[in-house]
Amino acid sequence: MKKFLPHLIFGNTLLLSANKTIFWEDEKTLILSDLHLGKSGHFRKAGIAIPQNILQEDLFRLLSEIQFFKPQKIIVVGDLFHSTMNKEHELFLRWRNDIGHIDVHLVKGNHDILKKDWYKAANIIVHENNFTVGNFIFTHDVNDEKKIEEKYCFSGHIHPSILMRGIAKQNMKLACFYFSKNYAVLPAFGKFTGTFSLTPEKEDAVFVLVENKIIKMQ
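Here is what the cut-offs are and how they apply
Residues numbered from 1 in each chain as written. Predicted model: local features only at pLDDT ≥ 70, side-chain atom pairs only at ≥ 80, totals over all residues. Heavy atoms only, no water. Salt bridge = Lys/Arg side-chain N within 4 Å of Asp/Glu carboxyl O. Helix = DSSP H or I, 4+ residues; strand = E, 2+ residues; numbered from the N terminus. Buried < 20%, exposed > 50% of the residue type's maximum accessible area, 1.4 Å probe, protein only. Pairing = 2+ DSSP bridges. Axes fitted to C-alpha atoms, helices over the stretch in contact; angles between N-to-C directions.

Turning our eyes to something else, we now look at the pattern of salt bridges. Counted under the stated rule, the structure contains 2 salt bridges. One salt bridge in this structure joins Arg61 and Asp58, with 2.9 Å as the shortest N-O distance. Highlighted residues: Arg61 and Asp58, both in helix H2 (residues 54-69), separated by 3 residues, approximately one helical turn. For Asp58, a relative accessible area of 4% corresponds to the buried category. Across the salt bridge formed by Lys108 and Glu128, the nearest N and O atoms sit 3.9 Å from each other. Placement of Lys108 in the loop between strand S6 (103-107) and helix H4 (116-121) and of Glu128 in the loop between strand S7 (124-127) and strand S8 (130-133) is noted, with a sequence separation of 20 residues between them.

What you see with S8 is a clean split: Phe131 and Val133 sit on the buried side and Asn130 and Thr132 on the side with no burial. Across 4 bridges, S8 lies against strand S9 (residues 136-139) in antiparallel orientation. Its bridge partner being in S9, Asn130 is matched across the sheet by Thr139. In this structure, the hairpin formed by S8 and S9 is closed by a connection of 2 residues, where Gly134 is found at a positive phi of approximately 60°.

Here 7 strands make up an open sheet; going across it, the order is S1-S2-S3-S4-S5-S6-S7 and the pairing mixed. On the outer flanks of this sheet lie strand S1 (4-9) and S7, each paired with one strand and no other. Within the sheet, the average angular offset between the axes of one strand and its neighbour, ignoring direction, is 25°. Relative to S7, S6 is paired through 4 bridges, and the arrangement is parallel. When the sheet's bridge partners are listed, Val107 is paired in S7 with His127.

This is the structure:
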């Protein structure tokens with residue numbers, strides 16, 4: 001088991017990380033999805049007891065990926081944020097200032113509902129529906145993308161996982177990277193998220209994440 005595994009698409013080298021990111025070596029770009037920043041604060045505002053260190057842990061993991069790969073650009077395929085403003089967004093702004101030299105592109109997801117001025121203040125380049133770079137198209141929900149047959153599509157939204165069954169009939173859901181012939185679905189980067197189980201076809205490539213390691217299942 002390793003922390004990184006390579007995967008090739010259209011001759012491009014993608015380095016899949018156990019920290020739930022993809023580093024696109026050819027473009028020096030870090031790709032991730034579904035951080036849902038501010039979600040824990042949103043629940044606390046509603047009176048639900050949620051640990052306060054979840055956001056800090058997610059931002060630290062992301063900073064570690066940035067320091068390791070040294071990307072020139074970051075692409076988030078939706079749901080960078082979870083809901084309306086709360087105190088956790090202020091923490092993100094301070095964090096963003098520390099990496100102000102890196103372009104951050106956000107393809108808006110269904111939870112990205114902050115005002116345009118806020119994204120501008122955070123120095124985030126916003127794309128309403130999709131963002132195209134070369135033969136790759138980035139969108140939040142692959143089901144909303146109409147040009148999938150023309151380019152390889154990267155998406156998020158469903159927080160994919162695979163249901164693993166043990167010999168003692170125990171079940172375990174493991175987050176995964178899912179690659180079909182025409183599109184990929186990235187795991188949710190945010191720690192405070194659920195998952196949706198997928199049933200892969202034989203020709204699909206699936207990489208599961210377990211105990212800070214990544215394993216190719218098929």
